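Results of the structural survey
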2 protein chains.
Amino acid sequence: MTARHELTRNQALVFDALAKAESPLSAYTILDRLRDDGFRAPLQVYRALEKLLDYGMVHRLESLNAFVACAHPHCGEHGLIAFAICEKCGQVSEFSDTVIEQQVSDWTGRNGFKPSKTTVEIRGTCANCLNG
Amino acid sequence: MTARHELTRNQALVFDALAKAESPLSAYTILDRLRDDGFRAPLQVYRALEKLLDYGMVHRLESLNAFVACAHPHCGEHGLIAFAICEKCGQVSEFSDTVIEQQVSDWTGRNGFKPSKTTVEIRGTCANCLNG
DNA sequence: AACTGGTATGTTATCTTATTACATAAGTTG
DNA sequence: CAACTTATGTAATAAGATAACATACCAGTT
């Protein structure tokens, strides 16, 4: 756990649940996994997620309504991130692409659009599952 | 209405509702707008949307859980599409970007990933709302 | 016309995801 | 301590999506 952000108990529990998971988790799945730690209501999860998203320690996968811990060692220090999501096994690969970032920035510049967050998600089948 | 796909009554109603709208509509908003046309249940909307998405006549905005009619005159004939979504006024600009498409294709090629659908959504504030 | 297979529909119930509202507690700063 | 902000707990409800089942409609064939 980096010391970049002091996490509260709930935030730490949610982050750990995501960090341990092999694939993205929905808020309700997180809730189920934290029952033993005293979690009873969705809001406890959503509130923690909100902060973690703020800190850049967790990403939201819009096309799945699910969440993943950031793959980067020092979170929050990256530009545009893209996700490749395998629909077979659920695994997610995270990568940053400066060229895409530049294209987005070009378009928004040309059109006077002020971007706040950009989502890039590639759904498909990963190499592993293709060979299986 | 193009003759590229014979739409059923329900599909035509849903498509028209989206085409008339100034901004993306949720499935339940579509349902409400079609009450007078006999729609009573969400499934009627979702089933129509499924087909329209198939035909490429409608796009789903993952970060909004909402739908828009395709902006292109002849739908379904385009590659990767990106959306710029204004969080103030709700307006959506649709554009295709071959460079981003190429970057995605490069990554998937390098990683043996077989893509089925790619989502690119830029959230932010449009020029109009910035000047307002 | 009757038979058959495929597609579209209608309806109810249910499941999943997310937020509102309100009360309480805990930490921080003046 | 008082005032303030931030975190928590809990219940209720809103919003988005699907499952299950029954019925109808529309070819093409016999």
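Counting from 1, residues in each chain are numbered in the order their sequence is written. Each chain takes a letter, starting from A, and each ligand takes a number, starting from 1, following the order in which they are written. Where local features are concerned, this predicted model is filtered to residues with pLDDT of at least 70; where side-chain atom pairs are given and counted, the filter is 80 or more; whole-chain, interface and lining totals use all residues. Hydrogen atoms and water are omitted, and side-chain values are computed over all heavy atoms in the structure.

Observations regarding the UniProt feature "binding site: Fe cation" (unreviewed entry) in chain A
Residues and elements named next belong to chain A.
- Under the present numbering, the feature "binding site: Fe cation" (unreviewed entry) in UniProt falls on Glu101.
- Counting from the N terminus, the helices are DSSP H or I runs at least four residues long and the strands are E runs at least two residues long. For Glu101, the location among the structural elements is in helix H4 (residues 98–110).
- With relative accessibility at 32%, the residue Glu101 sits in the partly exposed group.
- By definition, residues are in contact when any of their heavy atoms lie within 4.5 Å. Discounting chain neighbours no more than four positions away, the residues touching Glu101 are Gly79 and Leu80. UniProt positions are given in the numbering used here, feature names are shortened, and annotations may be inferred rather than shown by experiment. Note on classification: 1.4 Å probe, protein chains only; a residue is buried when its accessible area is under 20% of the maximum for its type, exposed when over 50%, partly exposed between these limits.

Some remarks on the protein's contact with DNA strand C
- Taken together, the neighbourhood of DNA strand C is formed by 15 residues, with A:Tyr28, A:Arg60, B:Thr8, B:Gln44 and B:Arg47 sitting nearest.
- For this purpose, a residue is taken to be near a molecule or strand whenever a single non-hydrogen atom of the residue falls within 4 Å of it. In the interface set of DNA strand C, defined as its atoms within 4 Å of the protein, sugar plus phosphate atoms amount to 44%.
- Two N or O atoms form a polar contact when they lie within 3.5 Å of each other; inside protein one atom must be a possible hydrogen donor and the other a possible acceptor, and for residues adjacent in sequence the pair counts only when both atoms belong to side chains. One of the side-chain nitrogen or oxygen atoms of B:Asn10 is found 3.1 Å away from a phosphate oxygen of DNA strand C.
- Measuring from a phosphate oxygen of DNA strand C, one finds a side-chain N or O atom of B:Gln44 at 2.4 Å.
- When residues of the surface near DNA strand C are assigned to their parent elements, the largest contribution, four residues, is made by helix H3 (residues 42–55) of chain B.
- All amino acids are sorted into three groups, where Ala, Val, Leu, Ile, Met, Phe, Trp, Tyr, Cys and Pro are nonpolar, Asp, Glu, Lys and Arg are charged, and the leftover types, Gly among them, are polar. Looking at the surface near DNA strand C residue by residue, the class counts come to five nonpolar, five polar and five charged.

Section: the state of the cysteines
All names here are of chain A.
- The disulfide criterion is simple: two cysteine sulfur atoms within 2.5 Å. Applying the stated rule across the entire model yields zero disulfides over all chains.
- With no disulfide partner, Cys86 has as its closest neighbouring cysteine sulfur the one in Cys89, 3.6 Å distant.
- Free of any disulfide, Cys129 has its nearest cysteine sulfur in Cys89, 3.7 Å distant.
- Taking relative accessible area as the criterion, Cys129 reaches 23% and is therefore assigned partly exposed.

Quick word on the protein's contact with DNA strand D
- Near DNA strand D you find 15 residues, and of these A:Thr8, A:Gln44, A:Arg47, B:Tyr28 and B:Arg60 are the closest.
- Counting only atoms of DNA strand D within 4 Å of the protein, the sugar-phosphate share comes to 47%.
- Between a phosphate oxygen of DNA strand D and a side-chain N or O atom of A:Gln44, the distance comes to 2.4 Å.
- Separating a base nitrogen of DNA strand D from a side-chain N or O atom of B:Tyr28 is a distance of 2.7 Å.
- Of all the elements in the fold, those that place two or more residues in the surface near DNA strand D are helix H1 (9–20) and helix H3 (42–55) of chain A together with H3 of chain B.
- Sort the elements by how many residues they give to the surface near DNA strand D and H3(A) lands first, with four residues.
- Among the residues forming the surface near DNA strand D, the class breakdown is five nonpolar, five polar and five charged.

Some points on helix H1 (residues 9–20) of chain B
Residue and element names in this part refer to chain B.
- The span expected for a helix works out to 1.5 Å for each residue beyond the first. Taking 1.5 Å of rise per residue, the twelve residues of H1 would be expected to cover 16 Å, and the 16 Å separating its terminal C-alpha atoms lies within 8% of that figure.
- Of the residues making up H1, those classed as buried are Gln11, Ala12, Leu13, Val14, Phe15, Ala17 and Leu18.
- Looking at the buried residues of H1, the elements they touch are helix H2 (27–33), H3, strand E1 (58–61) and strand E2 (66–69).

Looking at the interface of chain A and chain B
- Chain A puts 34 residues into the contact, and the matching count from chain B is 34 residues.
- Here chain A and chain B share 14 residue pairs in polar contact (both at pLDDT 80 or more) between them.
- Mapped onto the side of chain A that touches chain B, the elements with two or more residues apiece are strand E3 (81–86), strand E4 (92–96), H4, strand E5 (114–125) and helix H5 (127–131) of chain A.
- Here the side of chain A that touches chain B is composed, by residue class, of 15 nonpolar, twelve polar and seven charged.
- With eleven bridges joining them, E5(A) and strand E5 (residues 114–125) of chain B adopt antiparallel strand pairing. Residue pairing in the sheet places A:Lys114 in a bridge with B:Thr125 of E5(B). When DSSP finds two or more bridges between a pair of strands, those strands are recorded as paired.

Description of unusual backbone geometry
Residue and element names in this part refer to chain A.
- The phi dihedral of Asn65 falls on the positive side, at around 50°, and the residue is not glycine.
- Relative to the helices and strands, Asn65 resides in the loop between strand E1 (58–61) and strand E2 (66–69).
- For Asn65, a relative accessible area of 38% gives the class partly exposed.

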